Amino acid sequence: MGIRLILTLAAGLFGTMALTAAEINDSDCLVCHGDKTLTATNAAGVVRSLFADAAVVAGSAHRKTACAGCHGDLTAKHPDDNVAAQPVNCSRCHEEESLSYGMSVHGDARIKHVHKGAHAAPQCIDCHGSHGVLAAALPGSPLHPANLAKTCGQCHEQESRDVMESVHGQALAAGRRDAPSCTGCHAEHKIRALKTSSPLAISQDICSKCHASERLNTKYNLPADRVKTFFASYHGLAAQYGSTRAANCASCHGVHRILPSTDPRSTIYKTNLTATCGQCHPGASANFAQGKIHVDVAAAVAGGNLGERINWWVRKLYLGLIFTVIGLMATHNALIFGRKAAARARRQGATVLRMDYSQRAQHFVLALSFIILALTGFALKFPDSWVAVLLGSDEGIRRWGHRMAGVVLLLTGAYHVGYVLATRQGRSFVKDMMPKAKDARDVAASARYLTGLAKTKPKFGRFGYAEKMEYWAVVWGTIIMGVTGLMIWFKLGTTHWLPRWSIDVATTIHYYEAVLACLAILVWHFYDVIFDPDVYPLNRACVDGRVSAEWYAGEHALDARPANGSPPQTQHTISLSMKTKNADSNITIPITSFQVGDRAAWLIGGKALCTPAPAPPKELCRLVLLGAPGVGKGTQADLLHQWSGACHLSTGDIFRAAKSLPPGEQTPAIKSALGFMARGELVPDETVVALVCERVRCLRCPCGFLLDGFPRTVVQAQAFERLLKAEDLPLTAVINYELPIDKIVERLAGRRVCSSCKGVFHVADKLPSPETCPHCGGKLIQREDDRPEAIRVRMEAYHRSTQPLIEYYRQRDLLLTISAEGTAPEILQRTVDALALRPREKARS
Ligand code: AMP
């Protein structure tokens, strides 16, 4: 390159200096050079004519250039100085072409074989001609496409003959200017030898120039899919993968002598294919050579041969198979995922309200408009991406989709301002969102905790620093995106007031703010609400507003205020909401009376909460306890509760608890149920089922449940089965305690119950005081339905309704019959053993 430049520029400089010295008129030159007989003999003894035909020069591209303009090395002393004219230096006027030439194979050859002088490689005049230089577009020019093969053929004889025979040469000879000439493939001045080019370069840079051109394919009725199908073939894929050995277009079609496949001389003529394929695949058979390279499987069926039709059908079948199989797999797993996610959410037990309805609605609209804005925005920036394809690559839809989503976002922002100013929840929300000095301290404390420098993590209030950052980033982002978006949308109006560059700046801000927002959502928000192991697969607050009470207590331990109106939970009191037919009412109960398994939610129902278990249960027990009155079912339930952590849930207790509610709190249904109970009759099925359904949260409890007194009839059992199925809560077992009738009567007559803690005792127990509960000091009473007249009715009712129930569960392989004879611990041991021994597959609802 360096030598080339020096040669070129030195010659130019020399020429320029000489030209300034020259004061030679063309007429002076023609005095001698107009003579046709003027000749000169060079050192090698070759005689050359020095005749310059003025008429030829006048018809050339250089007609306005004086002789001295090209022969600048000559001086006024010529020819008396006896200095021979130097070859013309074209670079003086054609500097760029000269530089390109210097980098061509011809230029290279001149450097390499400099000792051969003018014969080393073709120079400008060898291709362009000398005095009669013509523009390449003129038919007389040696560089006219129709003449080019002949011109190049002066040195490249065989190639020239091949080209002239080829489809390209024929087309050129027929005057088709679009057909590729020598320079069409090898370039003009910077002529390339394509021998050493990679397969990809040949196919992509050379042949594709014309064969991928829709204009040329349409104009000359050429198949439009040649390039596409080649690149989809193994050869094309390997070439794209970087193979230097993969077959390229020329490997099969030939280099210069490219002929149509119908020409028997063509390398791709059917009888020549074996030899052509055999160049790379030695031993290729005729059968092998029948394989097609340009196969468009999707379009091959129409008029195709058997192989193509089979190929088409195979592809169709596979596409169907893929969509069906993968679709079914995805649906199957999505359903499992949904079920598991729902079951897991239920297992969370007690929940607190984190986002009220209005907040959830605002979040939903914000999220939806944000997603549409992101998709429609990036589709414009990346028109070739899948996002653009997803939107149908339609600019109208994209633009208006983007604008409409932008308007919705701004309206949501305006609504939020109204919400914050006009509602109590809004004001409290924004107050709690305000950054405080504690947030900065929390960031530092969190950094220390996360890097292991501190052992405890900081405690947060209703909103931690991460949530505050997020909220204010959304506020900021909405303002920025809104202002810049409107500026871009109404650019005409904007430029009335602001300089034009303000639109460019707004566009830059709009784009980069969008990138920042999307990445922040992915990295920051999605971590918090999806990927955080504590909430995965989703923090449900945005769906039903609720979060697990346990999670809330851990993450927002300092939030002493009610979360969106839900009751504050302190160490000492708990507010319980109760839904009655007429209104929601709140009652406050000292929490000290509620411990793990306090059954507050069960006894009171509605929104009542109970204290969640501190640790997961030993073994998840979802048991139904059956047994005639007096078999000691209640005692076993308490013992099983201590053993497994599952709550003892008795429907009888619900009615007894309801009895102590103020009359105003008793619903008509409860009042009527209490009447049945007082008469020793069963409460109607629909009332009991409705009460249990209201308390479904207790059935979802992660600790399991010990249902006592429900179901009591087959109708109840069927309703219960449907409920458990819908909730995906398989029953572990149904335990039926059995005791001879005389022992039952003996036990019931002496049973006493604590009116305060519901503890169950027997007159045979050696209690310090027969009338006082040894646990809580409450009064020991005989239950109304333990009186002799009620016992008779209950026993009858039991046998009438419960016996079919036993049969019902036996058929479902859930029944475990346990003898209730002996001491309570002995019966418990029997129960635990039976549970451990039961076949696992029976543990289903
Ligand atoms: P328990 O303490 O289970 O014996 O129940 C006491 C009373 O509550 C019963 O006598 C019934 O009046 C009523 N009761 C409790 N559970 C049910 C139920 N599942 N079906 C109908 N009545 C019930």
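The structure under discussion appears in the preceding block.
Residues numbered from 1 in each chain as written. Predicted model: local features only at pLDDT ≥ 70, side-chain atom pairs only at ≥ 80, totals over all residues. Heavy atoms only, no water.

Engineer: I would appreciate a short explanation of unusual backbone geometry in the present structure.
Structural biologist: The phi torsion of most residues other than glycine is negative, and most of the peptide bonds are trans. Cis geometry marks the peptide bond from His78 to Pro79; its omega dihedral reads 5°. Within the secondary structure, Pro79 is located in the loop between α4 (67-70) and α5 (95-102). That bond from Phe710 to Pro711 is cis: its omega, -5°, falls within 30 degrees of zero. Here Pro711 shows up in the loop between β9 (704-708) and α36 (714-727). For Asn221, which is not glycine, the phi torsion reads 55° and is therefore positive. Here Asn221 lies in the loop between α13 (214-219) and α14 (226-232). Residue classification places Asn221 among the exposed positions, given a relative accessible area of 70%. One non-glycine residue with positive phi stands out, namely Asp813, at about 60°. Its location among the elements puts Asp813 in the loop between α38 (788-811) and β14 (815-819). Taking the relative accessible area as the measure of exposure, Asp813 reaches 38% and is therefore partly exposed. (Helix = DSSP H or I, 4+ residues; strand = E, 2+ residues; numbered from the N terminus. Buried < 20%, exposed > 50% of the residue type's maximum accessible area, 1.4 Å probe, protein only.)

Engineer: Would you mind going over the sheet that holds strand β11 (residues 751-754) with me for this structure?
Structural biologist: Strand order in the open sheet made by the 3 strands is β12-β11-β13, with antiparallel pairing throughout. Strands with a single pairing partner mark the edges of an open sheet, and in this sheet they are β12 (760-762) and β13 (780-781). Running at roughly 40° to β11, helix α37 (residues 741-749) makes contact with β11 and β12 of the sheet. (Pairing = 2+ DSSP bridges. Contact = heavy atoms within 4.5 Å. Axes fitted to C-alpha atoms, helices over the stretch in contact; angles between N-to-C directions.)

Engineer: Please clarify how the site of the ligand should be interpreted in this entry.
Structural biologist: Neighbouring the ligand are 16 residues, the closest being Thr651, Arg656, Glu681, Gly709 and Arg712. The contact in question runs from a nitrogen atom of the ligand to an N or O atom on the backbone of Gly709, over 2.7 Å. For the ligand, the protein covers 97% of the area, taking 480 Å² as the surface of the free molecule. Of all the elements, helix α32 (residues 651-659) adds the most residues to the shell around the ligand, at 4 residues. Taken together, the residues that form the shell around the ligand break down as 6 nonpolar, 4 polar and 6 charged. (Near = heavy atom within 4 Å. Polar contact = N/O pair within 3.5 Å; in protein donor to acceptor, adjacent residues only side chain to side chain. Areas by Shrake-Rupley, 256 points an atom, 1.4 Å probe, with all protein chains shown as cover. Nonpolar A, V, L, I, M, F, W, Y, C, P; charged D, E, K, R; others polar.)

Engineer: It is not clear to me how the state of the cysteines should be interpreted in this structure. Could you clarify?
Structural biologist: Structurally, a disulfide amounts to a covalent bond that connects the sulfur atoms of two cysteines. On inspection of all chains with the given rule, the structure shows 0 disulfides. Cys70 supplies the cysteine sulfur nearest to Cys93, a cysteine that is in no disulfide, at a spacing of 6.7 Å. With a relative accessible area of 64%, Cys93 lands in the exposed category. Free cysteine: Cys773, not disulfide-bonded; nearest cysteine sulfur from Cys754 at 3.7 Å. (Disulfide = S-S within 2.5 Å.)

Engineer: Honestly, the sheet that holds β14 in this entry has me stumped. Any pointers?
Structural biologist: Within a sheet, adjacent strands bond to each other through the backbone by hydrogen bonds, running parallel or antiparallel. Here we have 5 strands laid out as an open sheet, ordered β8-β9-β7-β10-β14, and parallel in their pairing. Whereas interior strands pair on both sides, the edge strands pair on one side only; in this sheet they are β8 (647-650) and β14. Going across the sheet, the axis of each strand differs from the next one's by a mean of 25°, ignoring polarity. Each of β7 (621-627), β8, β9 and β10 (733-738) is contacted by helix α31 (residues 633-644), which is oriented at about 165° to β7, the strand it contacts most.

Fair warning: the whole summary comes from geometry, so function is off the table for now.
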